[in-house]
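# Structural overview
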Amino acid sequence: EADIYQTPRYLVIGTGKKITLECSQTMGHDKMYWYQQDPGMELHLIHYSYGVNSTEKGDLSSESTVSRIRTEHFPLTLESARPSHTSQYLCASSEWAGSGTEAFFGQGTRLTVV
Amino acid sequence: LAKTTQPISMDSYEGQEVNITCSHNNIATNDYITWYQQFPSQGPRFIIQGYKTKVTNEVASLFIPADRKSSTLSLPRVSLSDTAVYYCLVGNTGRRALTFGSGTRLQVQP
């Protein structure tokens, strides 16, 4: 069982609101990721971190921001939510390894902006 | 991350063996090949990983030829519950991020 948790699981919020999606892992993994995925569509990397105080943007441009102050915590923030932000957001973590490594995913947060 | 190419979709019937091939011509010397499975509304789940030759676990087998420019995920005797999207990834080492392509959508019919 993967020890990575996302909250909330579901969120419906009005346009213009600020939101933070939480992601925590207890495996001590250095690398953490945020993905955005619409139903039936590709999984797009929007942010990742390879350690504390490191954050990088992913392949898909996103208006969200992330922070990595603690190893176990990687929250994603939207300062002003819009309907175009409606999607599922998945958080994952993996070890820093010189060889292949397994990534573990959280349950996801399904965000709806009305 | 080395670019991968795999079929967009595949159909099969229950009880059949399914082989999904992934091309990764630019694989680096220290890259591993990893396969994930994703069900609707869930995050991907690790299935199997290998570096060369053959790897087998309780879920699948992974065949990697000597040149490592491709790999084949083999699912023995699929069931309806194997209907999912399967992703092939190459290289997740050091600072490199884990990125997914479009994957292969496997539909298993009764």
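Residues numbered from 1 in each chain as written. Chains lettered and ligands numbered in written order. Predicted model: local features only at pLDDT ≥ 70, side-chain atom pairs only at ≥ 80, totals over all residues. Heavy atoms only, no water.

A few words on the interface of chain A and chain B. Residue-level contacts link 26 residues of chain A with 23 residues of chain B. Between chain A and chain B the total buried area reaches about 2,000 Å² when both faces are included, carbon and sulfur atoms providing 50% of it. Across the contact surface, chain A and chain B share 0 salt bridges. For the pair chain A and chain B, the interface holds 6 residue pairs in polar contact (both at pLDDT 80 or more). (Contact = heavy atoms within 4.5 Å. Buried area = accessible area lost by both parts, 1.4 Å probe. Salt bridge = Lys/Arg side-chain N within 4 Å of Asp/Glu carboxyl O. Polar contact = N/O pair within 3.5 Å; in protein donor to acceptor, adjacent residues only side chain to side chain.)

Right, let's talk about the layout of surface pockets for a bit. Here the second largest pocket is characterised by a volume of approximately 370 Å³. Surrounding the second largest pocket, 23 residues form its lining, Gln37(A), Gly40(A), Met41(A), Val85(B) and Arg105(B) being those nearest its centre. Listing elements by their share of the lining of the second largest pocket, those giving two or more residues are β8 (84–90) and β9 (104–109) of chain B. By residue number, the principal contributor to the lining of the second largest pocket is β9(B), which donates 4 residues. Counted by class, the lining of the second largest pocket contains 9 nonpolar, 10 polar and 4 charged residues. (1 Å grid on protein atoms, 1.4 Å probe; cavity = no way out; pocket = protein on both sides within 12 Å on 5 of 7 lines; lining within 4 Å. Points joined across faces, edges and corners; volume = space filled by probe spheres on them. Helix = DSSP H or I, 4+ residues; strand = E, 2+ residues; numbered from the N terminus. Nonpolar A, V, L, I, M, F, W, Y, C, P; charged D, E, K, R; others polar.)

Attention now moves to the pairing of strand β5 (residues 43–51) of chain A. Residues and elements named next belong to chain A. Counting buried positions along β5 yields 8 of 9 residues, so the element is predominantly enclosed. Note: strand β4 (residues 31–37) against β5, 6 bridges, orientation antiparallel. Bridged to Gln36 within β5 is His44. Where β4 hands over to β5, the hairpin turn is made up of 5 residues, of which Gly40 adopts a positive phi near 75°. Pairing analysis gives 3 bridges linking β5 to strand β6 (residues 54–57), with the strands arranged antiparallel. Its bridge partner being in β6, His47 is matched across the sheet by Lys57. (Buried < 20%, exposed > 50% of the residue type's maximum accessible area, 1.4 Å probe, protein only. Pairing = 2+ DSSP bridges.)

This part takes up unusual backbone geometry. The omega torsion of the bond from Thr7(A) to Pro8(A) falls at -10°, within 30 degrees of zero and hence cis. Tracing the sequence through the fold places Pro8(A) in the loop between β1 (4–7) and β2 (10–13).

Let us look at the state of the cysteines. As enumerated under the stated definition, the model contains 2 disulfides over all chains in all. Here Cys23(A) is linked by a disulfide to Cys91(A), with a sulfur-sulfur distance of 1.8 Å. Its S-S torsion of approximately -75° makes the covalent link between Cys23(A) and Cys91(A) left-handed. With Cys23(A) in strand β3 (residues 19–25) and Cys91(A) in strand β9 (residues 87–94), this pair connects stretches of sequence that are 68 residues apart. The pair formed by Cys23(A) and Cys91(A) is uniform in burial state, with each residue classed as buried. At a sulfur-sulfur separation of 2.2 Å, the disulfide partner of Cys22(B) is Cys88(B). On the S-S bond that ties Cys22(B) to Cys88(B), the torsion sits near -80°, and the link is left-handed. With a gap of 66 residues between them, Cys22(B) in strand β2 (residues 18–23) and Cys88(B) in strand β8 connect regions that are remote in the sequence. (Disulfide = S-S within 2.5 Å.)

Residue and element names in this part refer to chain B. If you look at the biggest cluster of nonpolar residues, it comprises 20 residues, and the most contacted ones within it are Ile33, Trp35, Leu73, Leu75 and Tyr86. Those elements that provide at least two residues to this core are β2, β3 (33–38), β4 (45–50), β6 (61–64), β7 (70–75), β8 and β9. It is β8 that provides the largest number of residues to this core, a total of 4 residues. Those residues in contact with Leu75, other than ones at most four positions away along the chain, are Gln16, Glu17, Val18, Val59, Ala60, Tyr86 and Leu106. (Core = buried A, V, L, I, M, F, W, Y, C linked by side-chain atoms within 4.5 Å.)

Attention shifts here to the pattern of salt bridges. Residue and element names in this part refer to chain A. Applying the stated criterion across every chain yields a total of 3 salt bridges over all chains. Put simply, Glu79 and Lys18 hold a salt bridge, and the shortest N to O gap is 3.9 Å. Of the two residues, Glu79 sits in the loop between β8 (76–78) and β9 while Lys18 sits in the loop between β2 and β3, which places them 61 residues apart along the sequence. When sorted by exposure, Glu79 lands in the same class as Lys18, which is exposed. A salt bridge links Arg70 to Glu72; the shortest N-O distance between them is 3.0 Å. Of the residues examined, Arg70 reaches a relative accessible area of 44% and is grouped as partly exposed. Residue Glu72 is classed as partly exposed on the basis of its relative accessible area, which comes to 32%.

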